[in-house]
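Remarks on the overall topology
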Amino acid sequence: VSTTYPWGSTTTHRPSTTYPWITTTADWPYSTTPNLPSQCSNYKILNDASRNANTGYGYNCDETDDRYTSPDWAGPSYYRMMAPAGDRLPEYSPGANHCGSATVGWLLYAHPSADQVGVEMDSTVCFDGGNTNACDRSVSIKVTNCGGYYVYYLPDTYFCEYRYCAEFQS
């Protein structure tokens, strides 16, 4: 809101009082929410309980058209993690044979910070199959901070028994 005083100076603020000598203009309804990218309202949901990092082995995968495709996987797209699976990709490897699969996907780099609402960044998901390092294979993804939750652009995994993991943010 801009306020113009009779002597010509202007200040910007949200008015709480109206005075006859002050002219105020504003776009209402007033909102502090930034414009969010379309993927923040147009996404698919990953919510299968066995996807959670605390779940052990299972034969599920995030590969389209496999007979063991996860029940919540619908091919490459933007996804939001939701309960009971979790609300985000973990930033650590839960270890092989977790998340209802053998080879688990986890986020190699940190999520966008809380002050980066609306920001989409390139990132990497590593897949841990229990070999000598926790990143046997990796895929490029996108992560968007939608203000209170994240959405991820996730491609199909390499093989069956590769699956994106989920956890609840602590």
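Residues numbered from 1 in each chain as written. Predicted model: local features only at pLDDT ≥ 70, side-chain atom pairs only at ≥ 80, totals over all residues. Heavy atoms only, no water.

**As for the overall build of the chain**
Across its full length, the chain carries 0 helices and 10 strands. Counting from the amino terminus, the chain carries its helices and strands in the arrangement β-β-β-β-β-β-β-β-β-β. The long-range share in the chain, meaning contacts at least 24 apart out of those at least 6 apart in sequence, stands at 61%. Looking at the chain as shown, the accessible area adds up to about 9,100 Å², and 48% of this sits on carbon and sulfur atoms. (Helix = DSSP H or I, 4+ residues; strand = E, 2+ residues; numbered from the N terminus. Contact = heavy atoms within 4.5 Å. Areas by Shrake-Rupley, 256 points an atom, 1.4 Å probe, with all protein chains shown as cover.)

**Quick look at the pattern of salt bridges**
Using the criterion set out here, one finds 6 salt bridges in the structure. We note a salt bridge from Arg 163 to Asp 48, for which the minimum N-O separation is 2.8 Å. In this pair, Arg 163 is assigned in strand β10 (residues 162-164) and Asp 48 in the loop between β4 (44-46) and β5 (77-81), connecting sequence segments 115 residues apart. Grouping residues by exposure puts Arg 163 and Asp 48 together as buried. Among the ionic contacts, a cluster of salt bridges with common partners joins Arg 51, Asp 62 and Asp 72. (Salt bridge = Lys/Arg side-chain N within 4 Å of Asp/Glu carboxyl O. Buried < 20%, exposed > 50% of the residue type's maximum accessible area, 1.4 Å probe, protein only.)

**A closer look at the confidence of the model for the chain**
For the chain, per-residue confidence averages 86 on the pLDDT scale, and residues scoring 70 or more make up 79% of the total. Ignoring residues within four places in sequence, the model shows residues 11-28, a span with pLDDT below 50, making 28 contacts including any to other chains. (pLDDT = per-residue confidence, 0-100.)

**Focus on the state of the cysteines**
On inspection of all chains with the given rule, the structure shows 4 disulfides. Cys 40 shares a disulfide with Cys 146; S-S distance 2.0 Å. Taking the sign of the S-S torsion, -80° for the link of Cys 40 and Cys 146, the bridge is left-handed. Taken together, the residues span a long stretch of sequence, with Cys 40 in the loop between β3 (23-25) and β4 and Cys 146 in the loop between β8 (137-145) and β9 (150-154) at a distance of 106 residues. In this pair, the class of Cys 40 matches that of Cys 146, namely buried. In this model, Cys 99 is linked to Cys 165 through a disulfide, with the two sulfur atoms separated by 1.8 Å. Torsion about the S-S bond of the Cys 99 and Cys 165 cystine: about -55°, corresponding to left-handed handedness. Separated by 66 residues along the polypeptide, Cys 99 in the loop between β5 and β6 (103-107) and Cys 165 in the segment after β10 bring together distant segments of the chain. (Disulfide = S-S within 2.5 Å.)

**Notes on the pairing of β8**
As paired elements, strand β7 (residues 120-128) and β8 share 8 bridges and run antiparallel to each other. Opposite Thr 124, over in β8, you have Ser 140 as the bridge partner. The turn joining β8 and β9, which pair antiparallel and follow one another in sequence, is formed by 4 residues; a positive phi near 75° is taken by Gly 147. (Pairing = 2+ DSSP bridges.)

**Description of the side chain of His 111**
Here His 111 is to be found in the loop between β6 and β7. The class for His 111 is buried, based on a relative accessible area of 9%. A distance of 2.6 Å separates a polar atom in the side chain of His 111 from a polar atom in the side chain of Glu 91. A polar side-chain atom of His 111 sits 2.7 Å from a polar atom in the side chain of Tyr 152. When near neighbours in sequence (up to four residues on either side) are disregarded, His 111 contacts Arg 88, Leu 89, Glu 91, Met 121, Val 143, Tyr 150 and Tyr 152. (Polar contact = N/O pair within 3.5 Å; in protein donor to acceptor, adjacent residues only side chain to side chain.)

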